[in-house]
Amino acid sequence: MAQTRESWRSRSGFVIAAAGSAVGLGNIWRFPYVAGENGGGAFIVLYLAIVFTVGFSIFLAEQTIGRAAQRSPAAAFRRLKGGAWPIVGYVGVLCAVVILPFYSVVGGWTLGFIWKSAMGSASDAGSFGAFISHGWLPILFHALFMAATVAVVVAGVRNGIERWSRILLPGLVLLMIVLIFRSISLSGAEKGVSFFLSPDFSKVTMATIQAALSQAFFSISVGMGVMITYGSYISRDRSLPGDAVWVVGLDSIFAIMAGLIVLPAVFAFGENPSAGPALTFVMLPQIFSQIPGGSIFGLLFFLMLSVAALTSAISILEVAVAHLNDEHNIARRRGTIGAGLILFLVGIPASLSFGPWADLTIFGMTIFDLMDFFATKLLLPTGAIGMALFVGWVFWPDAAKSLNGNDEPPPRWSPIWRWMCALVAPILILWVMVGGF
Ligand code: TRP
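Heads up: these notes are all about the structure in this document. (Residues numbered from 1 in each chain as written. Predicted model: local features only at pLDDT ≥ 70, side-chain atom pairs only at ≥ 80, totals over all residues. Heavy atoms only, no water.)

**A word on the nonpolar core**
Quick reminder of the rule: Here, nonpolar core refers to any group of buried Ala, Val, Leu, Ile, Met, Phe, Trp, Tyr and Cys residues whose side-chain atoms link them within 4.5 Å. Exposed residues in this analysis have more than 50% of their type's maximum accessible area, buried residues have under 20%, and partly exposed residues fall in between, with area computed by a 1.4 Å probe over protein chains only. Note on conventions: DSSP H or I runs of at least 4 residues are helices, E runs of at least 2 residues are strands, and numbering of each starts at the N terminus. Working rule for contacts: check all heavy atoms of both residues, and any pair within 4.5 Å makes them a contact.
Among the nonpolar cores identified, the biggest contains 150 residues, and Phe 14, Phe 59, Tyr 230 and Phe 301 are the most heavily contacted of them. Among the elements that make up this core, the one with the highest residue count is helix α14 (residues 294–328) (17 residues). Setting aside its immediate chain neighbours within four residues, Phe 301 contacts Ile 28, Leu 179, Ile 261, Thr 280, Leu 284 and Phe 288.

**A short note on the site of the ligand**
Just so we agree on the cut-off: Neighbouring residues are identified by heavy atoms, a residue being near a molecule or strand if any of them is within 4 Å of it. We define a polar contact as two N or O atoms separated by no more than 3.5 Å, with the added condition that, inside protein, one atom must be a possible hydrogen donor and the other a possible acceptor, whereas residues neighbouring each other in sequence contribute only through side-chain atom pairs. In these tables, accessible area is a Shrake-Rupley quantity obtained with a 1.4 Å probe, and a residue counts as shielded only by the protein chains included in the view.
Around the ligand lies a shell of 16 residues, among which Ala 22, Gly 26, Tyr 103, Phe 218 and Ser 221 are the nearest. Residue Gly 26 places a main-chain N or O atom 2.9 Å away from an oxygen atom belonging to the ligand. Within the contact set of the ligand, a nitrogen atom lies 2.9 Å away from a backbone nitrogen or oxygen of Phe 218. Burial of the ligand by the surrounding chains reaches 100%, relative to a free accessible area of 360 Å².

**Brief notes about unusual backbone geometry**
Here Trp 396 and Pro 397 are connected by a cis peptide whose omega angle stands at 5°. Take Pro 397: it is sitting in the loop between α16 (367–394) and α17 (398–403). Phi is positive for Ser 221, close to 60°, though the residue is something other than glycine. Looking at where Ser 221 falls in the secondary structure, it is placed in the loop between α10 (206–219) and α11 (226–231). When its relative accessible area of 14% is taken as the criterion, Ser 221 is described as buried. Unlike most non-glycine residues, Asn 406 shows phi in positive territory, near 50°. When you line up the elements, Asn 406 lands in the loop between α17 and α18 (414–435).

**Things to note about a nonpolar patch on the surface**
Short version of the rule: Only residues above 30% relative accessible area that lack a salt bridge enter a patch, with like-charged residues linked at up to 9 Å and the nonpolar side chains Val, Leu, Ile, Met, Phe, Trp and Tyr linked at up to 5 Å. Salt bridge, as applied in this entry: a Lys or Arg side-chain nitrogen positioned within 4 Å of an Asp or Glu carboxyl oxygen.
A cluster of nonpolar residues, Trp 393, Trp 419, Leu 423, Val 424 and Ile 427, forms a patch on the protein surface that exposes about 490 Å² of accessible area. Counting residues per element, the nonpolar patch draws most heavily on α18, which supplies 4 residues. Looking at the element boundaries, Leu 423 is found in helix α18.

**Examining the side chain of Arg 238**
Relative to the helices and strands, Arg 238 is located in the loop between α11 and α12 (240–268). Look at Arg 238 and you get buried, because its relative accessible area is 19%. Polar side-chain contacts of Arg 238 include one of 2.8 Å to the side chain of Asp 243. Those residues in contact with Arg 238 that lie beyond four places of it in its chain are Arg 11, Arg 67, Asp 243, Leu 403, Asn 404 and Gly 405.

**Some remarks on the packing of aromatic side chains**
Rules: Here a pair means two rings of Phe, Tyr or Trp (six-membered ring of Trp) with centres within 6.5 Å. Their orientation is stacked below 30 degrees between planes, edge-to-face above 60, and tilted elsewhere. Only when the NZ atom of a Lys or the CZ atom of an Arg is both within 6 Å of the ring centre and within 35 degrees of the ring normal do we say a charge sits over the ring.
One pass over the full model with this rule turns up 32 aromatic pairs. With a centroid separation of 5.6 Å and an interplanar angle of 45°, the aromatic rings of Phe 288 and Phe 301 are classed as tilted. Here Phe 301 lies in helix α14 and Phe 288 lies in helix α13 (residues 277–290), a separation of 13 residues in the sequence. One exposure class covers both Phe 288 and Phe 301, and it is buried. Geometry around Phe 113 places Lys 116 over its ring, the cationic atom sitting 5.9 Å from the centre. Between Arg 418 and the ring centre of Trp 419, over which it is positioned, the NZ or CZ distance is 4.5 Å.

**Here's the deal with the state of the cysteines**
Selection criterion: The criterion for a disulfide is a pair of cysteine sulfur atoms lying within 2.5 Å.
Enumeration according to the criterion identifies 0 disulfides in this entry. Of the cysteine sulfurs around Cys 95, a residue in no disulfide, the closest is that of Cys 421, at 19 Å. The class of Cys 421 is buried, set by a relative accessible area of 0%.

This is the structure:
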């Protein structure tokens, strides 16, 4: 007999866990810079417009597929339609398997920098470069980060994912509020705030729109089947659109909060912002070392990053675990520990590509970059297009009927959603994909 599927314990269970997935490194180390570079407030308006139209549509598409099928991605497509459609689910699972190892490597760096901040060595010159190229040390922290991820997922949907998201997400808000106050009260901070928020419409070009689209999709965690998987734990009577608005809204708020932490600090110290590791692990520790109480704020900052990365990593691992469970009947405990171990091993070459294996390149990319490129530029958009087309052309009109739960009539705007999924989103994503090459 089939076991009954776990479901979220509380009404807000999905929202909290999905927001935990969405809020991650993408919000903190990428959004502030991309926004500042691409017209500040003008970019933010454009970004929000995209998130709440195309982004929201795909998010809702995933959620609907998952709730209707009560299965993880591949099994969900098989259950709803079959034919070649499960391939879209497999693309998602493959994507999870490629992203988690390198996401965990970076998660390990954030843990390493909590430790370094506590030791007072985070801001030493060359500290970051020495750390990531060290060899076994970053692998050790990668192992710790993966172990934490496994520990949460192994405990299950309610007692692991939902419970920890409910603890970690409010903790994240608190940390961020403290850091925002510290950052904007630095003298000279207003230059950063204006870089981030002042609208400059002359900077909005086609390339800006592409940047906004790809940032939006990555940030709200669509394309991989996370929301299919998390959606499969939503009970039949729940209405979906309200939850979707909450999640994309919370994700946007966190992104803007991150901008108000990072950029004021960078500008107060007369630095030029950049994106990614250089900003997070080099520039910010140096800034923290110069402000009063900086060692504690630096520690809090890396704690914040670790928490944000952890709740995202959980969601990625859950895609793989739910897949093993639905498709291969592998129990959660075995599936989580097994997948965690294998993906930890896959992450080792990614970690080494910053040190001993730095010269090993394929198509001119290191192993880490190659995994990132393959997953985020190729697999994610492919998955997102497949899911959107599925809802727009195959699963329609049942998709609309399932939106409000309990066979309630669909919302009046559902035809707009349909055409978003059937045409607008796939075309836009294809355009971004082509632009990525
Ligand atoms: N959204 C997360 C971030 O901003 C990353 C992430 C987690 C993700 N799960 C995902 C991205 C699924 C795409 C698909 O860092």
